[in-house]
Amino acid sequence: MTRSTINVSDGTMRMRTRMHRLVFTVLAIMGIAGQPSSGAEPQSSPIPVPEPNAILARLQPEHPRLLATTKDFTRLKQQIATNAQAKAWHDALQRDAEKILADPPSRYEIPDGLRLLATSRRVLQRIQTLGLLYRLDGDRRYIERAWKELDAAASFPDWNPRHFLDTAEMTHAFAIGYDWLFDAWSPDERATLRTAMVEKGIKLALKIHRNKSGWTRARHNWNQVCNGGIGMGALALADVEPELAGEFLHSASESLQIPMAEFAPDGAWSEGPGYWNYATSYNVTFLAAMETALGTDFGLSAMPGFADAGMFPIHLTGPLGRTFNYADGGDGTIRAPQMFWLARRFSRPEYAAYQRAVAAPHPLDLLWFTAASSAQPATMMPLNKYFRGAEVVTFRSAWDNRNAVFVGFKAGDNKVNHSHLDLGTFVLDALGVRWALDLGADNYNLPGYFGVQRRTYYRLRAEGHNTIVINPGGELDQAASAVGRMIKFESKPDRAVAVADLTAAYARSASRAQRGVALLKQKQVLVQDEVEAAKPAVIFWFMHTAAQITLSPDGTLATLTQGKARLLARLLSPGSARFEIMKAEPLPDSPHPERQATNEGVRKLAVHFVNVETVRVAVLLTPLREGETDADAQAEVWPLAKW
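Not measured: the values here are computed from a predicted model.

**Student:** Just to check I follow, could you spell out the overall build of the protein for this structure?
**Tutor:** Looking only at helices and strands, the protein features 16 helices and 17 strands. Compactness check: the protein gives a C-alpha radius of gyration of 26 Å against a globular reference of 26 Å for 643 residues, within 12% of the reference. A principal-axis box enclosing the C-alpha atoms of the protein has dimensions of 80 × 50 × 50 Å. Out of the 643 residues belonging to the protein, those deemed buried represent 61%. For the protein, the accessible surface area stands at approximately 24,100 Å², while carbon and sulfur atoms represent 50% of it. The protein carries 71 positive and 67 negative side-chain charges, and their two centres are separated by 3 Å.

**Student:** What exactly am I supposed to notice about the sheet that holds strand E7 (residues 433-436) here?
**Tutor:** Pairing between the strands of a sheet comes from backbone hydrogen bonds, and it takes one of two forms, parallel or antiparallel. With antiparallel pairing, the five strands of this open sheet are ordered in space as E2-E3-E4-E6-E7. The outermost strands of the open sheet, each flanked by one partner alone, are strand E2 (385-387) and E7. Recorded for the sheet is a direction-independent mean angle of 15° between the axes of neighbouring strands. As paired strands, E2 and strand E3 (residues 392-396) are joined by three bridges and run antiparallel to one another. Bridge pairing in E3 links Phe387 to Val392.

**Student:** Can you help me understand empty space enclosed by the protein in this one?
**Tutor:** Rolling a probe over the atoms, with the probe sized like a water molecule, indicates the empty space that remains. Considered as a void within the structure, the largest cavity measures approximately 60 Å³ in volume. Contributing to the lining of the largest cavity are Ser270, Tyr326, Ala327, Ala390, Lys410, Gly412, Asp413, Val416 and Ser419. Class assignment of the residues belonging to the lining of the largest cavity gives a composition of four nonpolar, three polar and two charged.

**Student:** Help me understand the environment of Arg145 in this model?
**Tutor:** In this fold, Arg145 is placed in helix H6 (residues 140-154). A relative accessible area of 5% means that Arg145 is categorised as buried. When the C-alpha atoms of Arg145 and Met170 are compared, they prove to be 17 Å apart, with 25 residues separating the residues in sequence. Aside from chain neighbours lying at most four places away, what touches Arg145 is Ile100, Leu101, Asp103, Pro104, Pro105, Arg126 and Leu130.

**Student:** Before we go on, may I ask you to explain H6 in this structure?
**Tutor:** Residues lying three or four places apart along an α-helix face the same way, a consequence of the helix completing one turn every 3.6 residues. An ideal rise of 1.5 Å per residue puts 21 Å on 15 residues; H6 measures up with 21 Å between its terminal C-alpha atoms. Among the residues making up H6, those that are buried are Tyr142, Ile143, Arg145, Ala146, Trp147, Glu149, Leu150, Ala153 and Ala154. Close packing links the buried residues of H6 with helix H4 (84-102), helix H5 (117-137), helix H7 (164-180) and helix H8 (187-210). With a side-chain oxygen positioned 2.9 Å from the backbone nitrogen of Arg141, the residue opening H6 is Asp139.

**Student:** Honestly, the packing of aromatic side chains in this entry has me stumped. Any pointers?
**Tutor:** The geometry of an aromatic ring pair is captured by two quantities: the separation of the ring centres and the angle between the planes. Counted according to the given criterion, the structure contains 23 aromatic pairs. Measuring from centroid to centroid gives 5.4 Å for Trp147 and Trp185, while their planes differ by 55°, and the two rings are tilted. Placement of the pair is Trp147 in helix H6 and Trp185 in the loop between H7 and H8, with a sequence separation of 38 residues. The residues Trp147 and Trp185 share a single accessibility class, namely buried. Ring geometry for Phe540 against Phe542: centres 5.3 Å apart, planes inclined by 20°, an arrangement best described as stacked. Overall, the relative accessible area of 7% leaves Phe540 in the buried class.

**Student:** Sorry if this is basic, but what is going on with the pairing of E3 here?
**Tutor:** Remark: a regular strand shows side chains that alternate across the two faces of the sheet. Among the five residues of E3, five are classified as buried, and the element is accordingly described as predominantly covered. By the alternation rule, side chains of E3 split into Val392, Thr394 and Arg396 and Val393 and Phe395, which are all buried. Once E2 ends, the chain turns through four residues before running back antiparallel as E3, passing Gly389 with a positive phi of about 85°. Sheet analysis places E3 next to strand E4 (residues 406-410), joined by five bridges and oriented antiparallel. When the bridges of E4 are listed, Arg396 appears paired with Phe406.

**Student:** Whenever I open this one, helix H12 (residues 273-294) confuses me. Can you help?
**Tutor:** In a regular helix each residue adds 1.5 Å, so 22 residues correspond to 32 Å; H12 covers 30 Å between its end C-alpha atoms and thus fits that length. Extensive coverage of H12 is indicated by the burial of 19 of its 22 residues. Following H12 by one or two positions, Gly295 adopts a phi angle in the positive range, close to 85°.

**Student:** Just checking my understanding: could you explain the packing of helix H9 (residues 221-237) against H12 for this structure?
**Tutor:** For any two helices packed against each other, one specifies the crossing angle of their axes together with the interaxial distance. Contact geometry for H9 and H12: axes closest at 8 Å, N-to-C directions at 30°. Here H12 runs roughly parallel to H9, going by the angle between their axes. Here H9 and H12 pass one another in a crossing that is left-handed. Contacts between H9 and H12 pair Asn221, Gln224, Val225, Asn227, Gly228, Gly229, Gly231, Met232 and Leu235 from the former with Tyr275, Tyr278, Ala279, Tyr282, Asn283, Thr285, Phe286, Ala289, Met290, Ala293 and Leu294 from the latter.

**Student:** Honestly, the packing of helix H3 (residues 70-82) against H4 in this entry has me stumped. Any pointers?
**Tutor:** Two elements in contact, H3 and H4, have axes whose closest approach is 6 Å; the angle formed by their N-to-C orientations is 105°. Considered as vectors, H3 and H4 are oriented roughly perpendicular to each other. Here H3 contributes Gln79, Ile80 and Thr82 to the contact with H4, which in turn contributes Ala84, Ala86, Lys87 and His90.

**Student:** Is there a simple way to think about the layout of surface pockets in this case?
**Tutor:** Of the volumes computed, that of the largest pocket is approximately 980 Å³. Along the walls of the largest pocket sit 35 residues, with Arg121, Glu169, Tyr278, Ser281 and Tyr282 positioned nearest its centre. The biggest single contributor to the lining of the largest pocket is H12, with seven residues. Considered class by class, the residues forming the lining of the largest pocket number 15 nonpolar, 14 polar and six charged.

What counts, and at which threshold
- Residues numbered from 1 in each chain as written.
- Predicted model: local features only at pLDDT ≥ 70, side-chain atom pairs only at ≥ 80, totals over all residues.
- Heavy atoms only, no water.
- Helix = DSSP H or I, 4+ residues; strand = E, 2+ residues; numbered from the N terminus.
- Rg over C-alpha atoms; globule rule 2.2 N^0.38 Å.
- Buried < 20%, exposed > 50% of the residue type's maximum accessible area, 1.4 Å probe, protein only.
- Areas by Shrake-Rupley, 256 points an atom, 1.4 Å probe, with all protein chains shown as cover.
- Lys, Arg positive; Asp, Glu negative; His and termini not counted.
- Charge placed at Lys NZ, Arg CZ, Asp CG, Glu CD.
- Pairing = 2+ DSSP bridges.
- Axes fitted to C-alpha atoms, helices over the stretch in contact; angles between N-to-C directions.
- 1 Å grid on protein atoms, 1.4 Å probe; cavity = no way out; pocket = protein on both sides within 12 Å on 5 of 7 lines; lining within 4 Å.
- Points joined across faces, edges and corners; volume = space filled by probe spheres on them.
- Nonpolar A, V, L, I, M, F, W, Y, C, P; charged D, E, K, R; others polar.
- Contact = heavy atoms within 4.5 Å.
- Expected span 1.5 Å × (residues − 1).
- Polar contact = N/O pair within 3.5 Å; in protein donor to acceptor, adjacent residues only side chain to side chain.
- Phe/Tyr/Trp six-rings, centres within 6.5 Å; stacked < 30°, edge-to-face > 60°.
- Parallel < 35°, antiparallel > 145°, perpendicular 65-115°, else oblique.
- Left-handed = near helix turned anticlockwise from the far one by under 90°.

Bear in mind that shape data such as this cannot, by itself, settle questions of function.
Here's what the structure looks like:
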């Protein structure tokens, strides 16, 4: 097996665009590359965690000790004085702080009847900003405003533990406020913060851990956020609440290994890039705080795949700064200060180069940034990437060109948290335009969105994605328990291919269903499906787009237009097939729940088959610049088995 081939036998836009052109240009100039995965397989046994007393024996007694010590803040002051980037971010955060000073403290608000999360996040952002700037500038206004924020939240009736993310994020905010500003608080103020963290956060989390229930056993972002947020509180109070803190830190360090195992072997995240950001932000924050407070993370950061986690947002972001936003995610820019920490921890300058180009900035950008971490040369980053486990592939024609071709393609697991019935879906960018798009999440507050009605909403169904639907109608158009695997991945300069076995998704109707996607000559994209139905079936092929579509008289050619850019879609197979233009809405026999998104401005390029048993659908997508013709919009069609 070569490095480029894997065969598996067992089945505000302009600004955002400029920023991503910059990051990819920086990466190309630097010659940065992804290194091989740190471990080919997930580890088979858990990492042993010391008993609570042994954990607490390592505690750094002085404050601050979360994420940074007094020496770290002193070094940061020096960096701001000598580094233009650090100074610019410091200035930007000072401007943010002036706005916070003028705003009233947060209030207890649950606008959707379920989540306090927006309030918790606002409190956290304010306390991180004010706390950091007080450590750097010594301005008493920051202390006074931080106390108003914390005192108000300490008086809340609760931190909404029924939606425990809210509780965890608020505990995180209080931990930072307590620790970073420790010397500025009076004994009574410290007692207020301590009581709030213990009664509204840590004790409630310990009950869940003792029952080994809920998020403590989860393999998704809830585990990292809840353990990480409460863990910050435990580390802040470990000297004054040793029994509670020791027990929690021991249990959390064991529990956290469950979702961290999901990064193996290549650093991918099955919940998609948006939730990669949320999960890793708390995962990294907790590990970073353990290192500064305890001197160690007990080996958790060495778990297979974690060192490679920063490759995921880099590869899943296209040349327009839009991500391949599968699952419940938007396609916006991934801004992740934890990339700086990962860069330093694992000597991966490509992570720091990415984040430096897109940072807003966030307080942790300034805290974790070092000029040296994004200035080390390496070998050229590969254009194409296969993330095993998550079963996601990306292709691109270049890193440093806004007009480059970019394709994201996935198989994966329909059971994963936040997943859609989207096995086989893809997105496509070219000529500075997204042609094939993912609609992303619908409203989380829709009835049963995370319950029994989840698979009835259009955006979560296969018919709402760029994939095939076989015998539509009923609640499911793909099996909710299905897992699809990449059975071939090959990366060559003139032809990069991936083939996914999607049979499990359509098992009720087909004995075989496979999809191949190929990037040809770094310009054209071939999407090919092969279906063997158990009996004559109805099959749809869908591609969602915001482009205007015109069809040729014979229906075998579709021209998609956005501004001056064009994309030519040619039906190569079967000869009898014809394109159609459809609305981005449920098919007649599909569920039609009320209140779901109407998908204005989006339409579907479709192919419709009736009464077929075996079919090979091949669609060639060719970007056309102004003045270019369709003379080269041809390709040979080979069976997927010969790809």
